[in-house]
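So the chains spell out like this:
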Amino acid sequence: MADHDLKLCLIIPTGSQGQFPITQNVTVVEGGTANMTCRVDYNDNTSLQWSNPAQQTLFFGDKKALRDHRIELVRASWQELTIRISDVSLSDEGQYTCSLFTMPVKTTKAFLAVLGVPGRPEITGFTKPAMEGDVITLTCTTSGSKPAANIRWFRNDKEVQGTKEVNATGKSFTVRSSLQFRVDRRDDGVAYTCSVEHVSLSNPYMTTEVLEVHYAPHLEITHSLIIPQEGQYFKLECVSIGNPIPEPVLWSKDGGELPDIERMIVEGRELTITTLNKTDNGTYRCEASNHLGTGSAEYILFVYDPNALGQHGPDHALIGGVVAVVVFITLCLIIVLGRYLARHKGTYLTHEAKGAEDAPDADTAIINAEGNHVHAEEKKEYFI
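Residues numbered from 1 in each chain as written. Predicted model: local features only at pLDDT ≥ 70, side-chain atom pairs only at ≥ 80, totals over all residues. Heavy atoms only, no water.

- In the nomenclature of an unreviewed UniProt entry, the protein is known as Cell adhesion molecule 2b of Lates calcarifer.
- If you open the UniProt record of the protein and go to Sequence similarities (unreviewed entry), you find "Belongs to the nectin family." (UniProt positions renumbered as here; feature names shortened; annotations may be inferred.)

1. Digging into the sheet that holds strand β14 (residues 150–155)
Inference 1: Pairing in this open sheet of four strands is antiparallel, and the strands run β15-β14-β18-β19 from one edge to the other. The sheet terminates laterally at β15 (158–160) and β19 (205–210), the two strands that pair on one side only. Direction aside, the axes of adjacent strands within the sheet are offset by 30° on average. (Pairing = 2+ DSSP bridges. Helix = DSSP H or I, 4+ residues; strand = E, 2+ residues; numbered from the N terminus. Axes fitted to C-alpha atoms, helices over the stretch in contact; angles between N-to-C directions.)

2. Section: the environment of L271
Inference 1: Structurally, the position occupied by L271 is in strand β24 (residues 270–273).
Inference 2: Taking relative accessible area as the criterion, L271 reaches 1% and is therefore assigned buried.
Inference 3: Considering only alpha carbons, one finds L271 and Y284, 13 residues apart in sequence, at a separation of 9.7 Å.
Inference 4: Leaving out residues up to four positions away in the same chain, L271 has contacts with F234, K235, L236, W251, L258, M264, I265, V266 and Y284. (Buried < 20%, exposed > 50% of the residue type's maximum accessible area, 1.4 Å probe, protein only. Contact = heavy atoms within 4.5 Å.)

3. Points about the side chain of T142
Inference 1: In this structure, T142 sits in strand β13 (residues 135–145).
Inference 2: The buried category is assigned to T142, whose relative accessible area is 1%.
Inference 3: Of the polar contacts made by the side chain of T142, one reaches the backbone oxygen of G119; its length is 2.7 Å.
Inference 4: Contacts of T142, omitting those with residues within four sequence positions, involve P118, G119, A149, I151, F173, T174, V175 and V196. (Polar contact = N/O pair within 3.5 Å; in protein donor to acceptor, adjacent residues only side chain to side chain.)

4. A closer look at the pairing of strand β5 (residues 57–60)
Inference 1: The pairing of strand β4 (residues 48–51) with β5 spans three bridges and is classified as antiparallel. Directly across from W50, in β5, lies its bridge partner F59.
Inference 2: The loop that links β4 with its antiparallel partner β5 comprises five residues; one of these, Q55, has a positive phi angle of about 65°.
Inference 3: Remark: two residues form the turn of the hairpin made by β5 and strand β6 (residues 63–64), two consecutive strands paired antiparallel; G61 in that turn has positive phi of roughly 65°.

Structure (structure tokens):
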């Protein structure tokens, strides 16, 4: 809401027909300007008067009654009396009275509501830097709001919940909101923003505290080659994370100094071996410190012979042999299974002729076969 915006509410007394004053409630932001208007639809030359909440007359018609340079006349006639109050303060809030001096006197009330603008927020309770593991409390405070302002917290862009406290100070309010948490290295560089929202503000007031958290070093070693070979250029880098930045970085090999400073070149966090050979095999270690501790990382280097790598490449003949054996075994299993199924099926289909093969002559064989056929008809199974 802009400073000079007003909220108006028309007030017409019961039985307002005829000579009755009509007024409007007004809402104004502290420091703004309020216009108070009183009018009548019909007036037989009777004077209008404005009085403040203390029942002090401000204007009687066009005559100023109270010495207050902030109050001035806007319009005075038999039908209307409008006054302006500039630089409105919270103490101006209250019930104003418009009187029409008939017999008897007729009056109407208008309420002037003043919105207290909250002060710019401040964040307290954090002393830079914090140490990893410390418990800190951030407190955001704003004063002078009416009604009480609302405070919201954001960790970077994500809202987090704080603990709110509201205290009345005269007609306005002081609002505090606190966050308490234990910090770790992930909080280093994180922005905590306090946002104050209020009906008197078109945009929230904001203030931000960026955390600085100190923590011990953590080191890792990266390498330039997956399979280092003799004669190659090789680089190790000691990647360090810590606050303050851990330095300097110290390199060692197998617990001692680097053995060949002509081929092993240290530049800041990098160790470069210009031409690898078998003597470079071993454990390389980097180490760095800050006031919170020391970190280290190790890398075991094994230098390969390029010729040996070629000789011990993949044996395609061996792989082919293994594949052939697997295929052969699979085919054998298929053939055996097929023959078994075929044999089992043939026995089942000719079972009804069993007994004919044991007959001494052809006639007996036919008789036995026919007999079995008759019984087979009786034992026939049907499959659907």
